[in-house]
Amino acid sequence: MKDLGNTTEIKGAAHQDLKHESAIKQVQGRADYTDDILEPAGTLHAYLGVSTVAHANIRGMDLSRVRAAPGVVDVLTADDIPGVNDVSPTGKHDEPVFPTEKVEFHGQPLFAVIAESRDAARRAAELADVDYEVLPHALDAISARDAGMPMVTDPLKLERGDVESGLAEAPHRLQGRVVVGGQDHMYLEGHIAFAIPGEDDDVVVHCSTQHPSEAQHMVSHVLGVPSNAVVVNVRRMGGGFGGKESQMNLFCAVAALGAKKLNRPVKIRPDRDQDMTATGKRHDFVIDYDLGFDNEGRIEAVESQFAARCGYSSDLSGPVTDRALFHADNAYFYPNVRLTSCPQKTNTVSNTAFRGFGGPHGVVAAERMIEEIAYALGKDPLEVRKANFYGQPGDSRTLTPYHQEVEDNVIGRIVEELEESSDYQARRAAIIAENTKGGIIRRGIALTPVKFGISFTATWYNQAGALIHIYNDGSIHLNHGGTEMGQGLNTKVAQVVAEAFQVDFDRIKITKTTTEKVPNTSATAASSGSDLNGMAALDACEQIKARLVKFAAESRGVAESAVRFGPNQIRIGEEVVEFATFIREAYMARVHLSAAGFYKTPKIHWDRAAGKGRPFYYYAYGASCSEVSIDTLTGEYRVERTDILHDVGRSLNPILDKGQVEGAFIQGMGWLTTEELWWDKDGRLRTHAPSTYKIPLASDRPRSFNVKLADWSENREMTIKRSKAVGEPPFMLGISVLEALSMAVASVADYRECPRLEAPATPERVLMAVERLKAGG
Amino acid sequence: MAQGHDIRFLLNGVEKRVSDVKATLTLLDYLRLDQRLTGSKEGCAEGDCGACTVLVGRLHQGQLHYETVNACIRFLASLNGCHIVTIEHLSGPQGRLHPVQEAMVDYHGSQCGFCTPGFVMSLYALWMSNPEPSVQEVETAIQGNLCRCTGYEPIVKAAMAVTQYGSPAHDHLVRERTDVTARLMALQPSARIVTGPEDDRAILPLDVADLAQVLAENPKATIVAGSTDVGLWVTKFMRPISPVVFITHLEELKSVEVTEEALTLGAGVTYSESEAAIRAAFPHLGDYWDRIAGWQVRNMGTIGGNIANGSPIGDTPPVLIALGAEVVLQSARGSRVLPLEDFFIDYGKQDREAGDFVAAIRIPRAKPGQMDAAYKISKRRDEDISSVAAGISVCVTDGVITTARIAFGGMAATPKRAATAEAALVGQPFAAASFDAAAVALGQDFTPLSDWRASADYRMTVAANLLRRFYLEQDSTQGAPVRLAIA
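Residues numbered from 1 in each chain as written. Chains lettered and ligands numbered in written order. Predicted model: local features only at pLDDT ≥ 70, side-chain atom pairs only at ≥ 80, totals over all residues. Heavy atoms only, no water.

*Asks:* In this structure, what is going on with the nonpolar core? I would like to understand it.
*Replies:* Where a protein is soluble and globular, its nonpolar side chains tend to be buried together. Judged by nonpolar contacts, the single largest core of 160 residues is most densely connected at Ile468(A), Phe501(A) and Leu548(A). Among the elements that line this core, the one with the most residues is helix α15 (residues 529-556) of chain A, at 13 residues. In terms of domain composition, this core takes at least three residues from each of domain 1 (23-31 + 463-600) and domain 2 (407-459 + 616-777) of chain A. Among residues more than four places away in sequence, those in contact with Ile468(A) are Ile476(A), His477(A), Leu478(A), Val497(A), Phe501(A), Ala537(A), Ala540(A), Cys541(A), Ile544(A), Leu593(A), Ser594(A) and Ala595(A). Grouped together as the second largest cluster of nonpolar side chains are 63 residues, Val27(A), Leu10(B), Cys112(B) and Leu146(B) included. (Core = buried A, V, L, I, M, F, W, Y, C linked by side-chain atoms within 4.5 Å. Buried < 20%, exposed > 50% of the residue type's maximum accessible area, 1.4 Å probe, protein only. Helix = DSSP H or I, 4+ residues; strand = E, 2+ residues; numbered from the N terminus. Domains from an automatic or database assignment. Contact = heavy atoms within 4.5 Å.)

Quick look at the structure:
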């Protein structure tokens, strides 16, 4: 076969650095978010009325003052729900749209006002007179467990080996507890849903959700109509981070209820405070561990319990707490291990998905155990880490607590390269020397690894669809089931399509995600967006390409192997035809130019009852090294430098992936440093807007920030173009900051004691740990 | 007196005249709901995220100044005679990108894009005034802008690169400066403006004499300068505040007077407007000033407002009390002067009689031998409300402490002096032991509260340690740094 060569490359092929498809619109303020969609005449606005106690029986609800308020058109309560009064995403039926008998957290939605303006609805929502029979409440996991409150879902146990003898026989044994805080998503665009009624049962809902199919299903469930009557559309979100996976269901349901009842468009947008008080966040965990290890710091046995504040309903707490256990090993081999979860019910908002989905808590626990060993033995934590890394296939140190073999381990190489490039050893020695002088400012450094399992542990979620049309002018229309929340998914999938057809990226129009085009999609979550949707789109491309190749070969009388795509043309034997011309020709010859693609992840299976299986298709790896300074008089701190080496396989778009890594690191750092959720004794969340809840600012970035992708890496599994998922894994790189703070604190007692810093390590916690260590030292 | 009833301003290129403007109508709602300029976003409605950042051009002593503001907490009625510039005004003919926009695209500064218009506006203002900023200047300019996606690195890189994409000399706001100045001149009122419905009335006095008159007529009126606090009363608490008297536009309240004896700031002077004079007269307040809120809020908020609202956690009262500042109160009856510390009577209660307004703050210059420090402790370094704020002024003669003024915010129901700690210092040698003793004495001055910003324990511990820090910083024999550098 003649090699036709490939002299010019197409613009926007896979593996190229390509800017975000919406970047130009975004910088001009022309990218439309749901609140920017032109409102049809007659649009009404809804607002939620919420509870003012944490736990109570509802004796009665007098809404007459709400109804009489200026501008109010209607008030929706549970009585207005024609279908089922439930939006629980896992079918547990424990999450009513509006409760009728019981209030279970402070700020729980009780009814919705619909008014001519949002302002009028908001003011009226304050006027309800609810008669509560107040009941005792428990806000955190431990006090709720002590009070005998139930779990929201069945716990998980992962077990391997003989933990009892492992612990008993280990040369060293210690117990401890690590408290890891929750986190608000603080997506800049809050929740919003905008429903437009149609004929019959039809309703179209524009909203900001990561899971359009679930929103569609919930709306149909609440309205009591089939799913085929409901369309859910998402062009883009102003950030999601997991907070819009299940939490949008309620808003979609309320908007649709109002729209159908009143036959007018209804928009609902909570203000930031209601968004933060009425919707779920990252769980906080209390993790107890019992640890056995040898003189070298090698772990012999681990027993650990993970208690999580789940809130009043199950939501996604089952899979979140499961994933905490799946990551309680991080990159370390535990010869004997027993891990149990305790998804604890509490009288707080129901916690939900957030980047990492429980995984980060597991990793923090693993790293805390490493720290404990290091301080107990007087070793560098990095040395202890290396001693405990998983091995390579065949060396008997590859089996995880859930009985999956680690087959693709590259953590050794990642850490070795980062140790070298960050000059870790020399800097650590210098820091220790400097700290010895006993100054007010102390420094710390830590290099922490991440191994993160990729795939939904709900195996059926690992499927995706895509729909591709080529119009007869040669322009390509791309639709897939994933949603764009800033991560660049649309850009990456379009690159896959550009590469497949060997056409410039500009030829492809990426359209909004809609349940009308691709049905039964999974949430864009679990870092799976490009893995799943990229493959589904590729499948659609391959179907169309096969028809085009067949047509080309038949029309010219050449073998199919003599037909080649690109760049921006089709080569058929010796003949070269422009892509658009060829498409027109194919159309005239009645070639089908549209295809629905599909993909399901191979190899994975999971038996939750047995605690065994292969829940993950593969692992992503990374490591970060952070250096901090702390002020031992005030607890204030600063991140001086962070170096990162992260594995994204063969990147679909290195510059976008780097952006994900940088952003995830800062978000992870914020989780562990300044982002603190604070409830008062009545169960009111008092950190409910950016004035009181502090996410990192530009000035909180490491003073020197060096981020690299492991460009040698390639996924050993057959993922899309051999890339790896990037959304969640780098979030846990922020743990290096927590551990560096810990080292700086430990210096005030000559590193004799593990400081056991709680997260978030606010300046207050840092100072109090310093004072505690000084007093004990 | 003749009265106007319309609010007039330039919106991007177009002159607007709006009748019957409610006092509580925010600029953001006006832009998004009335004008359908949806580029500016609502992220928080409390001036803390910056997604709604726009530029406001206003005349000050005949000169046109553009500054970033949070449209979400700025009231439209306060913008009479101003030029409002939104993200929609940036692109050139045929949608050509502005240099700031080009840099943001090329450096991948947007991911979800929701915060992006606000960042573009902040960086635009920075580039206009400082086309080649340092990294620290960029960070200061975007203190009031939150991004949850990028981790900021690409945004900072874009900011540093804007100058390579174009010079402010070619920018249309710069080129049209003379024309816009003339158009704004023509919009300046010649009479008091009263607008809005009875229950949401906005009043813009013509001058300070008229302000006294308005307050005499409406003793319960809400005085609004920067609206960085009152804005939240509206957007968060839906509190009725009518009638509202806007004072931002009153030039007489914007004077900054420096003499050998004192620095006197008019009550309408913003943090930004006072910054240069503050830095020059009180160098120890330089870094502190940069940590008050974010840039947008510093452009709006006034020192007069920070004092007048009586908050126990305002950033300026503790440091001003330590410096011995006085507040000038004025009304139709005349004016009176009192020490700032006496102005704060109790939580939510100030020594302000009906019809009084804060006219000025007078801060005496440092005496020879006076040592000053200002400290702010907060969960996040920038754009946060202090858990503890401290101002310390100590005079030493021949190694002995002769006077000590120490004031704390966040430790009591009002900004308050630490009388016992001060007494413990006076007459003592300038030595570590004296400050240790003062730190212990502090326990008798304060019984702080625990809340979401800090626990009582932390507040006490850190307050005591700040006295120790003060000594270490002033003691010239210390070699090693005793606090983290800003940059």
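Still to come is the rest of the account.
*Asks:* Please explain helix α11 (residues 381-388) of chain A as it appears in this structure.
*Replies:* One turn of the α-helix equals 3.6 residues, which is why residues spaced by three or four share an orientation. Residue and element names in this part refer to chain A. Of all 8 residues in α11, 6 are buried, a share of seventy percent or more. Restricting attention to buried positions, one finds in α11 the residues Pro381, Leu382, Val384, Arg385, Ala387 and Asn388. Where α11 is buried, its residues touch β14 (299-311), α10 (359-377), α12 (411-421), α13 (424-436), β16 (441-454) and α18 (735-746). Between a side-chain oxygen at the N-terminus of α11 and the backbone nitrogen of leucine 382 the separation is 2.9 Å; the capping residue is aspartate 380. (Polar contact = N/O pair within 3.5 Å; in protein donor to acceptor, adjacent residues only side chain to side chain.)

*Asks:* Would you take a moment to explain the packing of aromatic side chains for this structure?
*Replies:* Each aromatic ring pair is summarised here by two numbers: the centre-to-centre distance and the angle between the ring planes. Residue and element names in this part refer to chain A. Enumeration over the complete set of coordinates arrives at 32 aromatic pairs over all chains. Taking 5.4 Å as the distance between ring centres and 80 degrees as the angle between the ring planes, the aromatic pair formed by phenylalanine 326 and phenylalanine 616 counts as edge-to-face. Of the two residues, phenylalanine 326 is situated in helix α9 (residues 317-326) and phenylalanine 616 in the loop between β26 (612-614) and β27 (618-631); the sequence distance between them amounts to 290 residues. Geometrically, the ring pair formed by tyrosine 617 and tyrosine 618 is edge-to-face, given 5.9 Å between the ring centres and 65 degrees between the ring planes. According to the relative accessible area criterion, tyrosine 617 is buried, its value standing at 4%. What makes tyrosine 618 buried here is its relative accessible area of 1%. Put simply, the rings of Phe326, Tyr402, Trp606, Phe616, Tyr619 and Tyr621 touch in pairs and so form one group of aromatic residues. Arginine 282 extends its terminal NZ or CZ atom over the ring of phenylalanine 354, reaching a point 4.2 Å from the ring centre. The ring of phenylalanine 565 has lysine 545 sitting right over it, with the charged end atom 5.2 Å from the ring centre. (Phe/Tyr/Trp six-rings, centres within 6.5 Å; stacked < 30°, edge-to-face > 60°. Lys NZ or Arg CZ within 6 Å of the ring centre and 35° of its normal.)

*Asks:* I would appreciate a short explanation of α12(A) in the present structure.
*Replies:* Residue and element names in this part refer to chain A. The set of residues buried in α12 consists of Ile411, Ile414, Val415, Leu418 and Glu419. Down the axis of α12, the smallest arc covering the buried residues is 125 degrees, so these residues share one side. The exposed residues of α12 that point more than 90 degrees off its buried face are Glu416 and Glu420. The first or second residue beyond α12 is aspartate 423, which carries a positive phi of 60 degrees. (Arc of directions from axis to C-beta.)

*Asks:* Explain the domain arrangement of chain A to me, please; I cannot follow it from the model alone.
*Replies:* When the parts of a complex come together, some accessible area is lost, and that lost area is often taken as the interface size. All names here are of chain A. The domain architecture assigned to chain A consists of domain 1 (23-31 + 463-600) and domain 2 (407-459 + 616-777). Spacing between the C-alpha centres of domain 1 and domain 2 amounts to 39 Å. Facing 21 residues of domain 1, the contacting portion of domain 2 comprises 20 residues. Between domain 1 and domain 2, a total of about 1,500 Å² is buried, with carbon and sulfur atoms accounting for 60% of that surface. Considering only the side of domain 1, the residues that lose the most area to domain 2 are Lys492, Ser527 and Asp531, jointly responsible for 38% of the buried surface there. Here lysine 492 ties to aspartate 657 by a salt bridge, and the two come within 2.6 Å at their closest N and O atoms. (Buried area = accessible area lost by both parts, 1.4 Å probe. Salt bridge = Lys/Arg side-chain N within 4 Å of Asp/Glu carboxyl O.)

*Asks:* How should I be thinking about the pairing of β27(A) in this particular structure?
*Replies:* All names here are of chain A. With 14 of 14 residues buried, β27 is to be regarded as a mostly interior element. Taking every second residue as pointing to the same face, both faces of β27 are buried, with Tyr618, Ala620, Gly622, Ser624, Ser626, Val628 and Ile630 on one and Tyr619, Tyr621, Ala623, Cys625, Glu627, Ser629 and Asp631 on the other. As paired elements, β16 and β27 share 14 bridges and run antiparallel to each other. What sits directly across from phenylalanine 452, in β27, is alanine 620. (Pairing = 2+ DSSP bridges.)

*Asks:* How should the sheet that holds strand β4 (residues 53-60) of chain B be read in this particular structure?
*Replies:* Sheets are built from strands paired through backbone hydrogen bonds, the pairs being either parallel or antiparallel. Residue and element names in this part refer to chain B. The strand order β3-β2-β6-β4-β5 describes an open sheet built from 5 strands, whose pairing is mixed. Looking at the sheet topology across the chains shown, the edges are occupied by β3 (14-19) and β5 (63-70). Neighbour-to-neighbour, the strand axes of the sheet open up by a mean angle of 30 degrees, direction not taken into account. Bridge count between strand β2 (residues 6-11) and strand β6 (residues 83-85): 2 bridges; the pairing is parallel. Directly across from leucine 10, in β6, lies its bridge partner histidine 83. Contacts from helix α3 (residues 116-129) reach β4, β5 and β6, with the element oriented near 35 degrees to β4. Along the sheet, helix α7 (residues 177-187) contacts β2, β3, β4, β5 and β6; its crossing angle with β2, the most-contacted strand, is approximately 175 degrees. (Axes fitted to C-alpha atoms, helices over the stretch in contact; angles between N-to-C directions.)

*Asks:* Explanation requested: the interface of chain A and chain B in the structure shown.
*Replies:* In this assembly, 82 residues from chain A lie in contact with 77 residues from chain B. Carbon and sulfur atoms make up 57% of the area that chain A and chain B hide from each other, which totals about 6,700 Å². The largest share of the area that chain A buries against chain B comes from Val27(A), Leu188(A) and Leu697(A), three residues that together contribute 11% of it. Inspection of the chain A/chain B interface yields 15 salt bridges. Within the residue set of the side of chain A that touches chain B, elements represented by two or more residues are α1 (23-28), α3 (118-124), α8 (272-278), β27, β28 (637-646), α17 (654-672) and α19 (763-776) of chain A. Considering every element that reaches the side of chain A that touches chain B, the biggest residue donor is α17(A), with 7 residues. Looking at side-chain class alone, the side of chain A that touches chain B contains 33 nonpolar, 22 polar and 27 charged residues. (Nonpolar A, V, L, I, M, F, W, Y, C, P; charged D, E, K, R; others polar.)

*Asks:* So what exactly am I meant to see when it comes to the domain arrangement of chain B here?
*Replies:* All names here are of chain B. What the domain assignment reports for chain B is domain 1 (3-88 + 176-246), domain 2 (99-170), domain 3 (252-364) and domain 4 (370-474). Taken together, the contact pairs 23 residues of domain 3 with 28 residues of domain 4. When the area that domain 3 buries against domain 4 is broken down by residue, the three leading residues are Arg291, Ile313 and Ala322, summing to 32%. There are 3 salt bridges connecting domain 3 and domain 4. In this structure, arginine 417 and glutamate 341 form a salt bridge, with 2.8 Å as the shortest nitrogen-oxygen distance. Here domain 3 and domain 4 share 11 residue pairs in polar contact (both at pLDDT 80 or more) between them. Secondary-structure elements contributing two or more residues to the side of domain 3 that touches domain 4 are α14 (316-322) and β15 (344-346). A per-element tally of the side of domain 3 that touches domain 4 places α14 first, with 5 residues. By residue class, the composition of the side of domain 3 that touches domain 4 is 15 nonpolar, 4 polar and 4 charged.

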